[in-house]
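# Descriptive structure summary
Each chain, written out:
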2 protein chains.
Amino acid sequence: MMFTHDDPILELTDSQSWQLLEKTQHGRIVLTAAGETDIFPINYLASNGMLLMRSAPGTKLAELTINEKVVFETDGISSDEAWSVVVKGTARILQSGEEIAKAEALGLKTWVPTLKDFYIEVKPERISGRHFNLGEQPERF
Amino acid sequence: MMFTHDDPILELTDSQSWQLLEKTQHGRIVLTAAGETDIFPINYLASNGMLLMRSAPGTKLAELTINEKVVFETDGISSDEAWSVVVKGTARILQSGEEIAKAEALGLKTWVPTLKDFYIEVKPERISGRHFNLGEQPERF
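Bear in mind that the values here come from a model prediction, so they are computed numbers and not experimental data. (Residues numbered from 1 in each chain as written. Chains lettered and ligands numbered in written order. Predicted model: local features only at pLDDT ≥ 70, side-chain atom pairs only at ≥ 80, totals over all residues. Heavy atoms only, no water.)

## Observations regarding the confidence of the model for chain A
For chain A, the mean per-residue pLDDT works out to 86, and 86% of the residues sit at or above 70. Across chain A, element-level confidence peaks in helix 1 (residues 14-22) of chain A with a mean pLDDT of 97 and bottoms out in helix 2 (residues 60-64) of chain A with 67. (pLDDT = per-residue confidence, 0-100. Helix = DSSP H or I, 4+ residues; strand = E, 2+ residues; numbered from the N terminus.)

## A word on the environment of Glu-81 of chain B
Residues and elements named next belong to chain B. With respect to the helices, strands and loops of the structure, Glu-81 is situated in strand 6 (residues 81-93). For Glu-81, a relative accessible area of 12% translates into the label buried. Residues within four places of Glu-81 in sequence aside, it is in contact with Met-1, Met-2, Phe-3, Gly-76, His-131, Phe-132 and Leu-134. (Buried < 20%, exposed > 50% of the residue type's maximum accessible area, 1.4 Å probe, protein only. Contact = heavy atoms within 4.5 Å.)

## Focus: the side chain of Glu-81 of chain B
All names here are of chain B. Here Glu-81 is buried and forms no salt bridge, its nearest opposite-charge partner Lys-23 lying at an N-O distance of 7.2 Å. Looking at Glu-81, its side chain comes within polar contact range of the main-chain nitrogen of Met-2, at 2.9 Å. There is a polar contact of 2.8 Å between the side chain of Glu-81 and the side chain of His-131. (Lys, Arg positive; Asp, Glu negative; His and termini not counted. Salt bridge = Lys/Arg side-chain N within 4 Å of Asp/Glu carboxyl O. Polar contact = N/O pair within 3.5 Å; in protein donor to acceptor, adjacent residues only side chain to side chain.)

## What to know about the pairing of strand 6 of chain B
Residues and elements named next belong to chain B. In terms of burial, strand 6 is largely enclosed, as eleven of its 13 residues are buried. Bridge count for strand 5 (residues 68-77) against strand 6 is ten bridges, and the pairing is antiparallel. Residue pairing for strand 6: Ile-77 is matched across the bridge by Ala-82. Here 13 bridges tie strand 6 to strand 7 (residues 118-133), and the two strands are oriented antiparallel to one another. The residue bridging Lys-88 from the neighbouring strand is Arg-126, located in strand 7. (Pairing = 2+ DSSP bridges.)

## Overview of the environment of His-131 of chain B
All names here are of chain B. Looking at where His-131 falls in the secondary structure, it is placed in strand 7. Taking relative accessible area as the criterion, His-131 reaches 0% and is therefore assigned buried. Between the alpha carbons of His-131 and Trp-83 there is a distance of 4.3 Å; along the sequence they are 48 residues apart. A polar contact of 2.7 Å, which involves the side chain of His-131, links it to the side chain of His-5.

## Re helix 1 (residues 14-22) of chain B
Because an α-helix completes one turn every 3.6 residues, residues spaced three or four positions apart along the sequence face the same direction. Residues Gln-16, Ser-17, Trp-18, Leu-20 and Leu-21 of chain B constitute the buried set of helix 1 of chain B. The inward-facing, buried residues of helix 1 of chain B abut strand 1 (9-12), strand 3 (36-47), strand 4 (50-55), strand 5, strand 6 and strand 7 of chain B.

## Looking at the pairing of strand 4 (residues 50-55) of chain A
All names here are of chain A. In terms of residue burial, strand 4 counts as a mostly covered element, since five of its six residues are buried. Of the pairings in the sheet, the one linking strand 3 (residues 36-47) to strand 4 comprises four bridges and is antiparallel in character. Each residue of the ladder has a partner; that of Leu-45, found in strand 4, is Leu-52. Between strand 3 and strand 4, which pair antiparallel in sequence order, lie two residues; one of them, Asn-48, sits at a positive phi of approximately 60°.

## Concerning the packing of aromatic side chains
All names here are of chain A. Following the criterion strictly, the structure yields two aromatic pairs over all chains and no others. Measuring from ring centre to ring centre gives 4.7 Å for Tyr-44 and Phe-72, while their planes differ by 65°; the resulting arrangement is edge-to-face. Of this pair, Tyr-44 sits in strand 3 while Phe-72 sits in strand 5 (residues 68-77), placing them 28 residues apart in sequence. A residue is classified by how much of its surface remains accessible, and Tyr-44, at 2% relative accessible area, is buried. You can call Phe-72 buried: its relative accessible area is 0%. (Phe/Tyr/Trp six-rings, centres within 6.5 Å; stacked < 30°, edge-to-face > 60°.)

## A closer look at the pattern of salt bridges
Applying the stated criterion across every chain yields a total of 20 salt bridges over all chains. A salt bridge links Glu-73 of chain B to Arg-28 of chain A, with the nearest nitrogen and oxygen atoms 3.5 Å apart. With one member in each of two chains, Glu-73 of chain B in strand 5 and Arg-28 of chain A in strand 2 (residues 26-33) form a pair that bridges those chains. With a relative accessible area of 0%, Glu-73 of chain B lands in the buried category. Assessed through its relative accessible area of 2%, Arg-28 of chain A is described here as buried.

## Considering unusual backbone geometry
Glycine aside, negative phi is the norm for most residues, and most peptide bonds take the trans geometry. Residue and element names in this part refer to chain A. Phi is positive for Asn-48, close to 60°, though the residue is something other than glycine. Inspection of the secondary structure assignment puts Asn-48 in the loop between strand 3 and strand 4. Residue Asn-48 is classed as exposed on the basis of its relative accessible area, which comes to 78%.

Below is the structure:
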């Protein structure tokens, strides 16, 4: 067990949520624009209190994440426990050569073997995490 | 490989997307209310062209999913391939005893071992799925 608790659900502290964010590489980013909500699976890297992602030029993701509010989620499930961390924050595309060079040095991988020119950084504003003890539903009397 | 293709990304047909939805049990539901977007990890079951989920009474999920537009996502990743299916649709809480009995008979499990009294059914309006051949990024010349 990553976190031990008697209740079915444990609300995680920010520090516990970051532990999970840092050891995971795969999540989903949720964007809302013009009343339309979209969700994209994405590889990411948690570094220095930020989330870093990459996107191909011209994708919806790249277009929408310029100064947009985003929601990011990652989770994990095993036979007896599960967890989920949600980050709400602001995304921006890295612009300066120095920022991009730093981001490249972190070695973030993408899902798709094409050239990926945009680095997107999500600055967290709110983080929430939950850890679940999995188990059978109690009998109903 | 679940789907063979030469390009990095294959846009899946509805039928291919349903294959993936039906063999998976764990996804995320995205809700937007009053300008606030939330995402919840959830177990689900694809049955008869619908997605079925369960939620505890009094949760945000149960409150928000009465006749709300929702986005649902599930994905999978292995060493050399990945996929994601997104369903946009309308959620409603099952009300009639007959509907609830049918839903119970499907044996949908929840993450948390407490009594779960609400069944939520998502009627898909749009489905999109993508399959990715994973690989290294090509060299940049």
